[in-house]
Structures are given as structure tokens and as C-alpha cells.
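One-letter residues, chain by chain:
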Amino acid sequence: MHDTNSLKIDSDSEAVLAKTLSFFDAINRHDGDAVVAHFHPEVHYRFILGAFPEARGKAAVAEAWQGMVATFPDVNEELVEVIVRGDIAVAHWVLTGTLSGPLPLGSRLAVPQGAERNLAVRGVDVLHFRDGLILRKDSLVDPSAWFENYATQPFPAQQDAAE
């Protein structure tokens, strides 16, 4: 049985929760300036499975965001659950969008170029805050859902041949 006292959110955690919700709102509005404004100047932003290259500092994060929107122009991250403890938020989300361009240089996920795909993957962000800004963002994506999207949909050349 869980100690219910450990489940209460203190006032500092309420601020972290509000910042986390604001961050995901900016992502879903595709407001790059607002997304980047949530990050600390010394931010370290990384995808654990290497879907996108790591970014350090706000300029690199801005570039990574531009790459994300170029790759998924209709990206949406629906929050499933957010857990906050002190200055750390864990956000479980479902990303949906259409993959419409190649993944950024440095990605370790292979995707055929020119193959537009509707995508839905689950993931978790671990957000560490300092001074009300995201100092570190570690994103973990469920790779099985990623690959399932490509294994179950025919590529455009296969669709043309089947018609």
C-alpha cells in the first residue's frame, strides 16, 4: 500500500506541473518560440534510443525542434499522465503525426525516404527543472510501436504495384 502523503503535490511541484502542461501545450500549438522558452540556457535534451540527435543549449534545442516539425509537421503529443515530485516531472504521452521527411542526420532509426506515414507512438519524458525551466529532457520512445507502423503499412511503391 502506498503512503498517501507521498502522493501529495507541494507548491513547488504545482509550479513544475503548470510548466510541464504549458510546455506540451506549446508543442501542440507548434509554437517553436514558446517551446524553446521553456528550456534553461544550459539544457541537455536527448532521445534515449537515438531517434534524434542530442541537443545542448537553447540554440541546439531550437534547431532540434525545427527538425522535429520538418519531420512531423502535424505533430501532436497527447498527455496520458504526468507525475511530479519536487523539480522533476515524468510525462507519459502519445505522439501522433505524419512522418513526411527524412529523420535528422544522426538518427539511428531507419525510415525510407519519401514514405509518408501516419504514426502513433508512446513515450515518456523525464523533465528536470531548474529556476522554473527545463534543464534536462530525456525522452524514451517505445520502439516497437515505431517499427510496427512501418511493418504494417505498405510503402508507396508497393501500393502503386498493387493497384
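The rules behind these values
Residues numbered from 1 in each chain as written. Predicted model: local features only at pLDDT ≥ 70, side-chain atom pairs only at ≥ 80, totals over all residues. Heavy atoms only, no water. Pairing = 2+ DSSP bridges. Helix = DSSP H or I, 4+ residues; strand = E, 2+ residues; numbered from the N terminus. Contact = heavy atoms within 4.5 Å. Axes fitted to C-alpha atoms, helices over the stretch in contact; angles between N-to-C directions. Core = buried A, V, L, I, M, F, W, Y, C linked by side-chain atoms within 4.5 Å. Buried < 20%, exposed > 50% of the residue type's maximum accessible area, 1.4 Å probe, protein only. Salt bridge = Lys/Arg side-chain N within 4 Å of Asp/Glu carboxyl O. Phe/Tyr/Trp six-rings, centres within 6.5 Å; stacked < 30°, edge-to-face > 60°. pLDDT = per-residue confidence, 0-100.

**Q** Before we go on, may I ask you to explain the sheet that holds strand 6 (residues 133-141) in this structure?
**A** Pairing between the strands of a sheet comes from backbone hydrogen bonds, and it takes one of two forms, parallel or antiparallel. With respect to topology, 6 strands assemble into an open sheet ordered 2-1-6-5-4-3, the strand pairing being mixed. Of all strands in the sheet, those with a lone pairing partner are strand 2 (55-56) and strand 3 (76-85), marking the two edges. With 9 bridges joining them, strand 3 and strand 4 (residues 88-99) adopt antiparallel strand pairing. Paired with N76 across the bridge in strand 4 is T96. Taken strand by strand, helix 3 (residues 58-71) contacts strand 1 (39-47), strand 2, strand 3 and strand 4, and its axis lies near 45° from that of strand 1.

**Q** Looking at this model, I keep getting lost on the nonpolar core. Mind explaining?
**A** Soluble, globular proteins show a tendency: their nonpolar side chains are buried together. Core analysis: the largest hydrophobic core is formed by 29 residues, its most contacted members being F23, F24, V35 and F39. Those elements that place two or more of their residues in this core are helix 1 (11-29), helix 2 (32-37), strand 1, helix 3, strand 4, strand 5 (117-130) and strand 6. Apart from residues no more than four positions distant in its own chain, V35 is found in contact with F23, A26, I27 and W65.

**Q** Please explain unusual backbone geometry as it appears in this structure.
**A** Outside of glycine, negative phi angles account for most residues, and trans bonds account for most peptide bonds. Non-glycine residue H30 carries a positive phi angle of around 60°. The residue H30 is located in the loop between helix 1 and helix 2 in this model. Of note, D131 is a non-glycine position whose phi angle comes to about 55°, a positive value. Looking at where D131 falls in the secondary structure, it is placed in the loop between strand 5 and strand 6.

**Q** I would appreciate a short explanation of the pattern of salt bridges in the present structure.
**A** Oppositely charged side chains may form a pair once their charged atoms are brought near each other. All told, the structure shown has 6 salt bridges when counted by the stated rule. The partner of D31 in a salt bridge is R29, and the shortest N-O contact between them spans 3.3 Å. You can call R29 partly exposed: its relative accessible area is 46%. When the shortest N-O distance is used, the salt bridge between D125 and K137 registers 3.3 Å. With a gap of 12 residues between them, D125 in strand 5 and K137 in strand 6 connect regions that are remote in the sequence. A single burial state applies to D125 and to K137, both of which are buried. Taken together, the salt bridges that share partners define one network made up of D25, R29 and D31.

**Q** Would you explain the packing of aromatic side chains in this entry?
**A** The description of an aromatic ring pair uses the distance of the two centres, along with the angle that the planes make with each other. A full pass over the atoms with the stated rule returns 3 aromatic pairs. With a centroid separation of 5.4 Å and an interplanar angle of 85°, the aromatic rings of F23 and F39 are classed as edge-to-face. Here the residue F23 occupies a position in helix 1, and F39 occupies one in strand 1, the gap between them amounting to 16 residues. In this pair, the class of F23 matches that of F39, namely buried. Taking the centre distance of 5.6 Å and the plane angle of 25° together, the rings of F39 and Y45 count as stacked. Of the two residues examined, F39 and Y45, each falls in the buried class.

**Q** What am I meant to see in the confidence of the model for the protein here?
**A** Close inspection of predicted coordinates is inappropriate for parts of the model with low pLDDT. Across the protein, the average pLDDT comes to 78, with 69% of residues at or above 70. When mean pLDDT is taken per element in the protein, helix 2 scores highest with 94 and helix 5 (residues 156-162) scores lowest with 45. Here residues 1-8 scores under 50 on pLDDT; set against residues more than four positions off or in separate chains, the count is 1 contact. In this model, residues 153-163 is a region of pLDDT below 50 whose contacts with residues beyond four sequence positions or in other chains number 11 contacts.

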